[in-house]
Amino acid sequence: MVRHTPTPEQLETARDMMVEKQLKARGIKDPRVLDVMARLPRERFMPQHVWAEAYADRAVPIGQGQTISQPLIVALMTEALELKGKEKVLEVGTGSGYQAAILAHLADRVFTIERVRELGRQAERLFAEMRLDNILVRIADGSHGWREEVPFDAIIVTAGAPVDVDHYLEQLPYGGRLVVPVGSTPNAQTLLRFTRERNRTVKEDYGPCRFVPLVGHYGWNNK
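What this report covers is the structure whose coordinates are included nearby.

1. Here's the deal with unusual backbone geometry
The step from Val-150 to Pro-151 runs through a cis peptide bond, and the omega angle for that step is 0°. On the secondary structure map, Pro-151 appears in the loop between β5 (135-139) and β6 (154-157). Located in the positive-phi region is Gln-64, a residue other than glycine, with phi close to 60°. Its location among the elements puts Gln-64 in the loop between β1 (60-63) and β2 (66-68). Despite not being glycine, Arg-131 shows a phi value in the positive range, around 60°.

2. A look at the environment of Ala-80
In this structure, Ala-80 sits in helix α3 (residues 71-81). Separated by 68 residues in sequence, Ala-80 and Glu-12 have C-alpha atoms that sit 26 Å apart. Among residues more than four places away in sequence, those in contact with Ala-80 are Val-179, Arg-193 and Tyr-206.

3. Description of the packing of aromatic side chains
The final tally for this structure, using the stated rule, is three aromatic pairs. Where Phe-111 meets Phe-152, the ring centres are 5.7 Å apart and the plane angle is 70°; that geometry is what we call edge-to-face. Remark: Phe-152 occurs in the loop between β5 and β6 and Phe-111 occurs in strand β4 (residues 109-114); sequence separation between them is 41 residues. Each member of the pair, Phe-111 together with Phe-152, is buried. An aromatic cluster of at least three residues, connected via ring pairs, comprises Phe-111, Trp-146 and Phe-152. Here Arg-42 stacks its cationic end above the ring of Tyr-98, 5.0 Å away from the centre of that ring. Note that Lys-88 overlies the ring of Phe-152, its terminal NZ or CZ placed 5.2 Å from the centroid.

4. Things to note about the pairing of strand β7 (residues 177-185)
Note on strand geometry: in a regular strand, side chains alternate between the two faces of the sheet. Counting buried positions along β7 yields seven of nine residues, so the element is predominantly enclosed. Sheet topology places β6 next to β7; three bridges connect them, and they run parallel. Following the sheet pairing, Ile-156 is matched in β7 by Val-179. Two elements, β7 and strand β8 (residues 188-196), share seven bridges in a ladder whose sense is antiparallel. If you follow Val-182 over to β8, its bridge partner there is Thr-190.

5. Points about the sheet that holds β8
Spatially, β5-β4-β3-β6-β7-β8-β9 is the arrangement adopted by the seven strands of the open sheet, whose pairing is mixed. Edge positions in the open sheet fall to β5 and β9 (201-209), since each of these has one partner strand only. On average, adjacent strands in this sheet sit at an angle of 25° to one another, irrespective of strand direction. Sheet strands touched by helix α5 (residues 117-129): β4 and β5. Its angle to β5, the strand with the most contacts, is close to 165°.

The rules we used
- Residues numbered from 1 in each chain as written.
- Predicted model: local features only at pLDDT ≥ 70, side-chain atom pairs only at ≥ 80, totals over all residues.
- Heavy atoms only, no water.
- Helix = DSSP H or I, 4+ residues; strand = E, 2+ residues; numbered from the N terminus.
- Contact = heavy atoms within 4.5 Å.
- Phe/Tyr/Trp six-rings, centres within 6.5 Å; stacked < 30°, edge-to-face > 60°.
- Buried < 20%, exposed > 50% of the residue type's maximum accessible area, 1.4 Å probe, protein only.
- Lys NZ or Arg CZ within 6 Å of the ring centre and 35° of its normal.
- Pairing = 2+ DSSP bridges.
- Axes fitted to C-alpha atoms, helices over the stretch in contact; angles between N-to-C directions.

Structure follows, in structure tokens:
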């Protein structure tokens with residue numbers, strides 16, 4: 001079956017519908033998150049042959065065994081970070097680059113790590129084309145975090161991690177937030193937000209989710 005590339009008008013309409021039906025209707029309230037997702041062309045972060053699925057209510061494969069996450073999950077995780085505009089943010093798992101591009105509009109600086117060189121370099125080129133010059137890409141094992149650049153005000157992990165996330169929490173200052181899908185198996189997770197406080201860590205449950213497994217030293221391939 002031949003897939004037809006949507007027109008710019010069709011894509012814009014689909015983006016508006018995504019915001020109204022998938023995000024606002026399901027409880028996303030942060031106006032800054034809604035605004036950037038209403039403006040950012042999600043299709044730019046996907047192969048052209050799947051542009052018709054750019055605003056589908058699900059994850060979409062982008063190659064290299066990776067996916068671009070469901071719009072609702074992107075919005076939910078971004079909203080949970082509670083960004084105000086001056087933060088230094090770490091993203092683990094650049095993937096398509098869509099999440100990092102959203103963060104770039106909401107924070108001061110974004111550090112993003114991707115283990116698959118082809119994806120990381122492709123995202124880096126796209127960031128340059130879009131003049132998102134506050135994003136720094138690193139090709140490395142993201143399960144370690146980015147210790148040379150600590151502390152981060154917020155950390156977002158876009159792959160399913162094992163339950164031990166202390167090595168990420170150590171890279172946050174007091175008051176810092178970590179949003180990460182964790183699970184006892186690599187195939188299903190719970191989306192959690194951890195807030196590091198001086199004498200404790202507060203954990204909040206955002207519900208079940210499913211991400212590709214985190215790979216690396218602290219990932220599932222070493223379990």
